[in-house]
Amino acid sequence: MIDYDVDQTGIAVITWNMTEAGTNILSEQSMAAFTEAVDRAVADEKVTGMVITSARKDFLAGADISMFLGVSDAAEMAELAGAAQGMIRHLETCGKPVVAAINGTALGGGLELCLGCHYRIAADNPKTRIGLVEVTIGVIPGAGGTQRLTRLIGIKQAVPLMAEGKRIKVQQALKLGIVDEIVPPEKLLKAAKQWILDGGQAGNPWDQKGFIPPGGDLTDPGNQDFMAVANAMLREQSQGNYPAPLAVLAAVHDSINSPIDRGLEIEAKYFGRTATGKVAQNMIRSLFFGMQAANKLKNRPKGFEPKPPTQVAVLGAGLMGSGIAHACVTRGLPTILLDTTDEAAERGKAGIQKLLDREVEKGRLSESQREEILALVTATSRYEDLAGTDLVVEAVFENREVKAEVTAKVAEQLGDDIVFGSNTSTLPITGLAQTWRKPENFIGIHFFSPVHRMGLVEIIRGEQTSDATLAATMDFVKAIGKTPIVVNDARGFYTSRVVCTYCEEGMAMLAEGVKPALIENAGRMTGMPLGPLELADEVQIGLLYKVRKQWEADLGDDFKPTVGWPVVQQFVEQFERTGKGAGKGFYDYSGDKQLWPELAVHYPQAAQQPAVEQVKKRLLYAQAIDAARCLEENVVTTPLDADIGSILGWGFPPWTGGVISYIETVGISEFVAEAKQLAEQHGERFLPPKLLQDMVASGSGFYPAS
Ligand code: NAD
């Protein structure tokens, strides 16, 4: 776990080497083993100094976050921070010079350990990222990070890095003074030892009498102003939803004029408070463990050997097809990109090249790497070129006949035994699967736009899709570095269905006379990336119209108009405003984007406007109730898939932990009571599903651990 070696010159090299954990992390065991190694070096008179390094790809990925999950007592949580602080403080004050040899990524507790060393040398590794990223899971640095980073580089530099949870490259870390030197990887150890041999001194400046951080402490009026502005900005950005960035600020504010040991106590107190809060517990569970479980394919059917494809074909080289092919080839998967003509296929390939060019410009990819990746794409219009493909993603026009035609041509060329995936956004998979002779090999593989930025893939099981097909599809999604959720076949599947409830609730309010600006602001204040009307414009009101018309045609008398349907109809049929693509929807896009001024004419504003909290509640509850219904109807099968799908798929606010976690955050019985009230005021769509009512009766929850 921790290797220990003393060389002939008397330098002890303490190497983090947690082979069993996959990566180095600060756990109870590893911290004890590390301290033991430090004590050994301190006790050995021959040892003149210590090099702290790692034998793994990363230096140290951070703390073992499972320690934080389920701890509800703030003092107990503060003690956990205290233990890590103690380990680092012990190292820092051990009396012998200590240098960190940072071979790879050092995040959170990993960087905090480096900050407790007396000198830091990083290997020149373009993949290395350095940062105190704790706020990204709702907590603050708790192993001295808020104290040492601020004392090392000054308040104005340190606070934004921590409050935003930035990951920076080693060059930037050098510029900021977080690392002292960068050397080629093969010279790292030698350089670290050399620092000791050259007389590197034990101790850090903040332990010297009269120490003042670079740029001054909080008696400096410039720093006081900076903190006041930062506070106001963070409050506005977080809309009160994210306590951690403000806690970073408070921890720095309350401590920076004190000695470091007092500062560490203050940090531990703030850590205890934030880490036991609902937001942190939600974010840790969904964004950390949930994502990890999804990425490790926790719900993959058992009993099937991993079977990632060796060659993929993407049919249709349009917006989605080109993006999907890009995702495949950047992960080294040979991909055939097929369209009706060679020119159309080449256009799709040019789209891939454009994305790669940007990476080259940013220095993330070399020109030769770009050429290697591009060489993996075969742009074609000939089905014969599909030979050797074991998984197909169809992304042609959203039209049953066109899809049936290409499906038949693929079967003719490749037979029926391959996995055939459709990227349809609206057509039921079970129906499409009838065009494939072995419907058990047919599946929905729903990507999101823009594919290169969106990490989620919604895998849709048709009624006849086999476990083997599902397993192979999950392997594919993993192979291209995306996060899968698995849902069953139903209209709108899961993500498109629930996000529409958000847009439609906004439309319902518009029709009731709620001011559009109030609706939009309230939406953003919940933490959704866009207001509901703005999002409807992005999705395209015209598409919502088309989909509902299709449902009407498919379902006949069983078609139940959704709550926003009258507004959608009006916008398409009467106003001919179909969304952002057309330059006009709820907003005008001709000049500066603004809400369509005529909204007030068509939807007269009520004299009595609801409180913003009420509008926010309606928007969040509409989504949460529909998501719970999706669970009840088995459209989505696990709370975790529902949560991850909501955050990654449509930007449901991460502070909630996801759309289902939100219900638990409110408290299931309180949620049910509120939902009933909303149903009385605004209609049956708010009636809480039986699943929730049963949970109240039995006192159970979605996540037993919480
Ligand atoms: P698009 O119009 O940009 O691209 C479709 C491509 O398919 C075009 O290049 C077209 O030439 C090609 N094509 C049409 N008929 C073909 C045929 N017979 N053989 C081969 N190629 C053919 O559309 P898009 O936005 O990329 O959507 C494609 C699919 O992805 C649709 O099913 C859509 O519902 C789905 N989808 C779209 C989005 C989105 O945001 N655009 C998101 C998820 C899923």
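Presented here is a report on the structure given in the accompanying data block.

Basis of the calculations
- Residues numbered from 1 in each chain as written.
- Predicted model: local features only at pLDDT ≥ 70, side-chain atom pairs only at ≥ 80, totals over all residues.
- Heavy atoms only, no water.
- 1 Å grid on protein atoms, 1.4 Å probe; cavity = no way out; pocket = protein on both sides within 12 Å on 5 of 7 lines; lining within 4 Å.
- Points joined across faces, edges and corners; volume = space filled by probe spheres on them.
- Helix = DSSP H or I, 4+ residues; strand = E, 2+ residues; numbered from the N terminus.
- Nonpolar A, V, L, I, M, F, W, Y, C, P; charged D, E, K, R; others polar.
- Salt bridge = Lys/Arg side-chain N within 4 Å of Asp/Glu carboxyl O.
- Buried < 20%, exposed > 50% of the residue type's maximum accessible area, 1.4 Å probe, protein only.
- Near = heavy atom within 4 Å.
- Polar contact = N/O pair within 3.5 Å; in protein donor to acceptor, adjacent residues only side chain to side chain.
- Areas by Shrake-Rupley, 256 points an atom, 1.4 Å probe, with all protein chains shown as cover.
- Contact = heavy atoms within 4.5 Å.

The next thing to look at is empty space enclosed by the protein. Going through the model one piece at a time under the given rule, you end up with three cavities of 30 Å³ or more. Of the volumes computed, that of the largest cavity is approximately 70 Å³. As for the largest cavity, its lining consists of Ala-293, Ala-294, Leu-297, Lys-298, Asn-299, Met-474, Pro-484, Ile-485, Val-486, Leu-640 and Asp-641. For the lining of the largest cavity, the secondary structure elements donating two or more residues are helix 11 (278-295), strand 16 (483-488) and helix 25 (639-650). Take the lining of the largest cavity: its biggest share by element is three residues, from strand 16. Residues belonging to the lining of the largest cavity are distributed by class as follows: eight nonpolar, one polar and two charged. Taken together, Leu-111, Ile-130, Gly-131, Leu-132, Leu-149, Leu-161, Lys-166, Ile-168 and Ile-178 form the lining of the second largest cavity.

With that settled, the discussion passes to the pattern of salt bridges. Evaluation of the coordinates by the stated rule reveals 37 salt bridges. Measuring nitrogen to oxygen at the nearest pair gives 2.7 Å for the salt bridge that ties Asp-207 to Arg-89. With Asp-207 in the loop between helix 7 (188-197) and helix 8 (221-238) and Arg-89 in helix 2 (residues 74-92), the pair connects residues that are 118 residues apart, well separated along the chain. Taking the relative accessible area as the measure of exposure, Arg-89 reaches 12% and is therefore buried. Among the ionic pairs, Glu-164 bridges to Lys-166, the shortest N-O distance being 3.4 Å. With a relative accessible area of 36%, Lys-166 lands in the partly exposed category.

The next thing to look at is the site of the ligand. The ligand sits among 20 residues. The nearest are Met-320, Asp-339, Glu-398, Lys-403 and Ser-425. Between an oxygen atom of the ligand and a main-chain N or O atom of Leu-319, the distance comes to 3.0 Å. One of the side-chain N or O atoms of Lys-403 is found 2.7 Å from an oxygen atom in the ligand. Calculation on the ligand without its partners gives an accessible area of 830 Å², and the protein chains cover 77% of this total. Of all the secondary-structure elements, those providing two or more residues to the shell around the ligand are helix 12 (319-329), helix 15 (400-414) and strand 14 (442-447).

A few words now on the side chain of Thr-150. Among the structural elements, Thr-150 can be located in helix 4 (residues 145-153). The buried category is assigned to Thr-150, whose relative accessible area is 0%. There is a polar contact of 2.5 Å between the side chain of Thr-150 and the backbone oxygen of Thr-146. The residues touching Thr-150, leaving out its near neighbours within four places in the chain, are Gly-145, Ile-155, Ala-158, Met-162, Pro-213, Val-252 and Ile-256.

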